[in-house]
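Descriptive structure summary
Here is how the chains run, residue by residue.
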Amino acid sequence: MAKKKVTAIVKLQCPAGSATPAPPVGPALGPHGVSAPEFVKQFNDRTSKMEKGLIIPCEITIFADRTFTFILKTPPAAVLIKKAIGLDKGSAKSHIEKVGKITKAQIEEIAKLKAPDLNAIDLDGGVKIIAGTARSMGVTVEG
């Protein structure tokens, strides 16, 4: 079987189960000749079992014959932190204004979920990465 020629790799973040061909999907895929409604249908089918509205990053590989494949990633750490402690958004001045508190157990849970996409050797390294993200959002890490 011959390999297909890759023409582009597009990275998007879409809400799970409720993506639409409207921006950012349509304008990102249109110039490459890929059908945005077809991508949206496949994306929504694969993310239908996830929590609706949770932001899911995906990496779309577009081939010369205008076909595509895509890989789903884990949600961004900031989104998971906001969900864990019930925040709407992080602090604008994270070093001055603290907007919430997160426990070490919640951080470990997020690190386990994000393990496939983190650049860490072990769980302790992943916990440090997630804790750093929390601090940069103005969330105090307890424990």
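Residues numbered from 1 in each chain as written. Predicted model: local features only at pLDDT ≥ 70, side-chain atom pairs only at ≥ 80, totals over all residues. Heavy atoms only, no water.

1. Quick notes on helix α5 (residues 123–136)
An α-helical turn contains 3.6 residues, so a residue and the one three or four places further along point in the same direction. If you check α5, its first and last C-alpha atoms are 20 Å apart, about what 14 residues at 1.5 Å a residue would give, namely 20 Å. Residues of α5 that are buried include every one of G126, V127, I130, A131 and A134, and no others. One side of α5 carries all its buried residues, which in axial view fall inside an arc of 135 degrees. Taken together, the buried residues of α5 touch α3 (77–85), β4 (100–103), α4 (104–114) and β5 (139–142). In the stretch just after α5, G138 is the one whose phi turns positive, near 85 degrees. (Helix = DSSP H or I, 4+ residues; strand = E, 2+ residues; numbered from the N terminus. Expected span 1.5 Å × (residues − 1). Buried < 20%, exposed > 50% of the residue type's maximum accessible area, 1.4 Å probe, protein only. Arc of directions from axis to C-beta. Contact = heavy atoms within 4.5 Å.)

2. Considerations on the pattern of salt bridges
Scanning all chains against the criterion turns up three salt bridges. In this structure, the salt-bridge partner of D45 is K41, at a minimum N-O distance of 3.9 Å. One end of the pair, D45, and the other, K41, are both in helix α2 (residues 36–47), four residues apart, so they sit about a helical turn from each other. Of the charged contacts in the structure, one is a salt bridge between E142 and K101, with a shortest N-O distance of 3.8 Å. On the criterion of sequence distance, the pair formed by E142 in strand β5 and K101 in strand β4 is long-range, its members being 41 residues apart. Here K101 falls in the exposed class, since its relative accessible area comes to 55%. (Salt bridge = Lys/Arg side-chain N within 4 Å of Asp/Glu carboxyl O.)

3. What about the nonpolar core?
Judged by nonpolar contacts, the single largest core of 22 residues is most densely connected at L12, V25, F39, F43, I60 and I62. Contributions of two or more residues to this core are made by β1 (6–15), α1 (25–29), α2, β2 (55–63) and β3 (68–72). Apart from the residues lying within four places of it in its own chain, the contact partners of V25 are L12, C14, T20, A36, F39 and V40. Within the second largest apolar cluster, 15 residues are counted, among which are I110, A111, L118 and A131. (Core = buried A, V, L, I, M, F, W, Y, C linked by side-chain atoms within 4.5 Å.)

4. Examining the state of the cysteines
Per the stated rule, a full pass over the model turns up zero disulfides. In this structure C14 is not part of a disulfide, and its nearest cysteine sulfur, from C58, lies 5.0 Å away. Look at C14 and you get buried, because its relative accessible area is 1%. Overall, the relative accessible area of 2% leaves C58 in the buried class. (Disulfide = S-S within 2.5 Å.)

5. What to know about the UniProt feature "domain: Large ribosomal subunit protein uL11 N-terminal" (unreviewed entry) in the protein
UniProt's entry tags residues 10–68 with the feature "domain: Large ribosomal subunit protein uL11 N-terminal" (unreviewed entry), counted in the numbering of this structure. Helix makes up 29% of residues 10–68 and strand 27%, with an end-to-end C-alpha separation of 10 Å. (UniProt positions renumbered as here; feature names shortened; annotations may be inferred.)

6. Some words on the packing of α4 against α5
Between α4 and α5, the least distance of the axes is 8 Å, while the angle of their chain directions is 110 degrees. Relative to α5, α4 is oriented roughly perpendicular. The handedness of the crossing between α4 and α5 comes out as right-handed. Here α4 contributes K104, I107, E108, I110, A111, K112 and K114 to the contact with α5, which in turn contributes L123, G126, V127, I130 and A131. The class makeup of the residues in the contact of α4 with α5 is seven nonpolar, one polar and four charged. (Axes fitted to C-alpha atoms, helices over the stretch in contact; angles between N-to-C directions. Parallel < 35°, antiparallel > 145°, perpendicular 65-115°, else oblique. Left-handed = near helix turned anticlockwise from the far one by under 90°. Nonpolar A, V, L, I, M, F, W, Y, C, P; charged D, E, K, R; others polar.)

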